[in-house]
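Single-letter residue listing:
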Amino acid sequence: KLIGRVLLDRLQPSIRTVVNKVGEVGGPYRTYEMDLLAGEDDYFVRVIEHGISLFFDLRNVYWCTRLEGERTYMIENEFKPNQLV
């Protein structure tokens, strides 16, 4: 919890919540359980990559920063402007 508070203090207002991934990834959407370390009990995320805003509930999707290339490919080749997916 101390680490969560330190991260929150240093990174606000960019972040509102600090979590710790618990256990293994599983299920159809490769999600994982998490513990709230600090901040708001709110898991709705807004990430901006290459000027594109992505909104999602971290409890319901698998998120990996290393998959940025795959997301960029899909945004450039698969999705239409203003499309909600």
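Before reading on, note that the structure itself is shown above.
So, here is what we can say about the structure in this document. Note that the structure is a prediction, hence the values are computed from the model and not measured. (Residues numbered from 1 in each chain as written. Predicted model: local features only at pLDDT ≥ 70, side-chain atom pairs only at ≥ 80, totals over all residues. Heavy atoms only, no water.)

## Observations concerning the overall build of the chain
Phase 1 of the analysis: Regarding its fold elements, the chain presents 2 helices and 4 strands.
Phase 2 of the analysis: Relative to its 85 residues, the chain shows a buried fraction of 20%.
Phase 3 of the analysis: A separation threshold of at least 6 residues defines the contact pool for the chain, and within that pool the share at least 24 residues apart is 26%.
Phase 4 of the analysis: As displayed, the chain has an accessible area near 7000 Å², and 53% of this comes from carbon and sulfur atoms. (Helix = DSSP H or I, 4+ residues; strand = E, 2+ residues; numbered from the N terminus. Buried < 20%, exposed > 50% of the residue type's maximum accessible area, 1.4 Å probe, protein only. Contact = heavy atoms within 4.5 Å. Areas by Shrake-Rupley, 256 points an atom, 1.4 Å probe, with all protein chains shown as cover.)

## Quick look at the pairing of strand E1 (residues 17–26)
Phase 1 of the analysis: Here E1 pairs with strand E2 (residues 31–39) via 7 bridges, running antiparallel. Its bridge partner lying in E2, Gly26 is registered against Thr31.
Phase 2 of the analysis: Connecting E1 to the next strand, E2, in antiparallel fashion are 4 residues, including Gly27 with a positive phi near 85 degrees. (Pairing = 2+ DSSP bridges.)

## Thoughts on the layout of surface pockets
Phase 1 of the analysis: What the largest pocket holds in volume is close to 880 Å³.
Phase 2 of the analysis: Around the largest pocket, the lining comprises 23 residues; the ones closest to its centre are Ser53, Leu54, Ile75, Phe79 and Val85.
Phase 3 of the analysis: Taken together, the elements giving at least two residues each to the lining of the largest pocket come down to strand E4 (52–57) and helix H2 (68–77).
Phase 4 of the analysis: A per-element tally of the lining of the largest pocket places E4 first, with 5 residues.
Phase 5 of the analysis: Residue classes in the lining of the largest pocket are distributed as 16 nonpolar, 4 polar and 3 charged.
Phase 6 of the analysis: Computed from the structure, the second largest pocket encloses a volume of approximately 590 Å³.
Phase 7 of the analysis: Lining the second largest pocket are 22 residues, with Ile15, Thr17, Val19, Val45 and Leu58 positioned closest to its centre.
Phase 8 of the analysis: Put simply, the parts of the chain that give the lining of the second largest pocket at least two residues each are helix H1 (2–11), E1, E2 and strand E3 (44–49).
Phase 9 of the analysis: In terms of residue count, E1 provides more of the lining of the second largest pocket than any other element does, 5 residues in total. (1 Å grid on protein atoms, 1.4 Å probe; cavity = no way out; pocket = protein on both sides within 12 Å on 5 of 7 lines; lining within 4 Å. Points joined across faces, edges and corners; volume = space filled by probe spheres on them. Nonpolar A, V, L, I, M, F, W, Y, C, P; charged D, E, K, R; others polar.)

## A closer look at the nonpolar core
Phase 1 of the analysis: In this structure, Tyr32, Met34, Tyr43, Leu54, Phe56, Leu58 and Trp63 together form the largest nonpolar core, which totals 7 residues.
Phase 2 of the analysis: Breaking this core down by element, the ones donating at least two residues are E2 and E4.
Phase 3 of the analysis: If we ignore the near neighbours within four places in the chain, the residues touching Tyr43 are Val19, Met34, Leu36, Phe56, Asp57, Leu58 and Arg59. (Core = buried A, V, L, I, M, F, W, Y, C linked by side-chain atoms within 4.5 Å.)

## Section: the environment of Asn82
Phase 1 of the analysis: As for its placement among the helices and strands, Asn82 is situated in the segment after H2.
Phase 2 of the analysis: Asn82 sits in the exposed class, given a relative accessible area of 82%.
Phase 3 of the analysis: Remark: the alpha-carbon pair of Asn82 and Ile52, spanning 30 residues in sequence, is separated by 9.9 Å.

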